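Summary of the model geometry
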Amino acid sequence: PYRGVTAATFDLDEFMELRRLLPGITLNDLALSICGGALLHYLRESDELPEQPLVAQVPVDIRAVTGELGGGNQISTLNASCGSDIEDPLERLDAVAKSTSAGKKRLQAMGESLIPEAIESMGPHITQALYNLIYSSSSFGVLGSIMPESPNLVFSNMPGPRDPVYFCGAELVWGTGLGPIMPTNGLFVAVSSIRDKLTYGITACREMMPDPERFQRCLVTSYEETRLALQQQNATGTSRRRTPKRRIG
């Protein structure tokens, strides 16, 4: 019931330019990798950094995966490493890109039949009943012993308008996304863009992350580290490194 909300805003054009410095990397990969670097700094400062990388649940439009068109929401999710165990920004970015790519391939393998059929067959009443069962205090412990381990955070990325938009004559100049948090998942990071700005919207459980403003500062630090690493690599003309990853722990 206790939530903290904050946001970190960056220049969208610079963000896009950084993404283009490394072929094969998507904007989502770059944004998730920067989030992983922020988690590394945040948890290390608290002396709570695990040896294994934190896992992000990433919403995916399965129409883009399966190639099908249609109205309404057709959303699934994939779990991806955010590279919070990797110190070097470029190696972290490489690990995140591989993880998201593997997740998309798994969705594509399932998507031609299983995912759309499951979405069509599960109406809102069934979905609500399942969530009530999973997240009720009485059944949570039992289900936790038989269900796969849940991700540590949700990471959502949705592009916004590049042209001016208005509401009742007022121009939209800034905004941030907010997402739901679950009993086992105390952090929701919603990345969105408005015109020339890209914003990380942070919704956090106050018990799991009591100081989201410190995480905001860690996001800025991680972005600057990644920006410098990509620009230096581009200046020297070196390719993406394949040396063993420097992991924490």
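Here's a quick rundown of the structure. This is a predicted model, so every value here is computed, not measured. (Residues numbered from 1 in each chain as written. Predicted model: local features only at pLDDT ≥ 70, side-chain atom pairs only at ≥ 80, totals over all residues. Heavy atoms only, no water.)

**Thoughts on the layout of surface pockets**
- Put simply, the second largest pocket is a space of about 360 Å³.
- Lining the second largest pocket are 18 residues, and of these Leu 43, Leu 54, Asn 152, Leu 187 and Met 208 lie nearest its centre.
- It is helix α2 (residues 27–45) that provides the largest number of residues to the lining of the second largest pocket, a total of 3 residues.
- Considering only residue class, the lining of the second largest pocket consists of 10 nonpolar, 5 polar and 3 charged. (1 Å grid on protein atoms, 1.4 Å probe; cavity = no way out; pocket = protein on both sides within 12 Å on 5 of 7 lines; lining within 4 Å. Points joined across faces, edges and corners; volume = space filled by probe spheres on them. Helix = DSSP H or I, 4+ residues; strand = E, 2+ residues; numbered from the N terminus. Nonpolar A, V, L, I, M, F, W, Y, C, P; charged D, E, K, R; others polar.)

**Some remarks on the packing of aromatic side chains**
- All told, the structure shown has 5 aromatic pairs when counted by the stated rule.
- With centroids separated by 5.7 Å and ring planes inclined at 15°, the aromatic side chains of Phe 15 and Tyr 223 adopt a geometry described as stacked. Here Phe 15 is found in helix α1 (residues 12–20), whereas its partner Tyr 223 is found in helix α8 (residues 212–236), with 208 residues between them in sequence.
- Exposure remark for Phe 15: the relative accessible area of 0% places this residue in the buried category.
- In this structure Tyr 223 comes out as buried when scored by relative accessible area, which is 2%.
- When the ring centre of Tyr 42 is taken as reference, the NZ or CZ atom of Arg 214 above it lies at 4.0 Å. (Phe/Tyr/Trp six-rings, centres within 6.5 Å; stacked < 30°, edge-to-face > 60°. Buried < 20%, exposed > 50% of the residue type's maximum accessible area, 1.4 Å probe, protein only. Lys NZ or Arg CZ within 6 Å of the ring centre and 35° of its normal.)

**Examining the packing of α1 against α8**
- Between α1 and α8, the shortest axis-to-axis distance is 10 Å and the interhelical angle comes to 45°. Relative to α8, α1 is oriented oblique. Regarding α1 and α8, the two cross each other, and that crossing is left-handed. Contacts between α1 and α8 pair Glu 14, Phe 15 and Leu 18 from the former with Tyr 223, Arg 227, Leu 230 and Gln 231 from the latter.
- Grouping the amino acids of the contact of α1 with α8 by side-chain chemistry returns 4 nonpolar, 1 polar and 2 charged. (Axes fitted to C-alpha atoms, helices over the stretch in contact; angles between N-to-C directions. Parallel < 35°, antiparallel > 145°, perpendicular 65-115°, else oblique. Left-handed = near helix turned anticlockwise from the far one by under 90°. Contact = heavy atoms within 4.5 Å.)

**Here's the deal with the side chain of Ser 81**
- Along the polypeptide, Ser 81 turns up in strand β3 (residues 75–81).
- At 3.0 Å, the side chain of Ser 81 forms a polar contact with the backbone nitrogen of Gly 83.
- Aside from chain neighbours lying at most four places away, what touches Ser 81 is Leu 32, Pro 53, Leu 54, Val 96 and Ser 99. (Polar contact = N/O pair within 3.5 Å; in protein donor to acceptor, adjacent residues only side chain to side chain.)

**Re the packing of α1 against α2**
- Orientation of α1 relative to α2, taken along the N-to-C sense of each, is 105°, at an axis distance of 9 Å. By the angle between their axes, α1 is roughly perpendicular relative to α2. For the pair formed by α1 and α2, the contact residues are Phe 15, Met 16, Leu 18 and Arg 19 on the first element and Leu 27, Leu 30, Ala 31 and Ile 34 on the second.
- Split by residue class, the contact of α1 with α2 holds 7 nonpolar, no polar and 1 charged.

Limitation: the analysis is restricted to geometry and does not speak to function.
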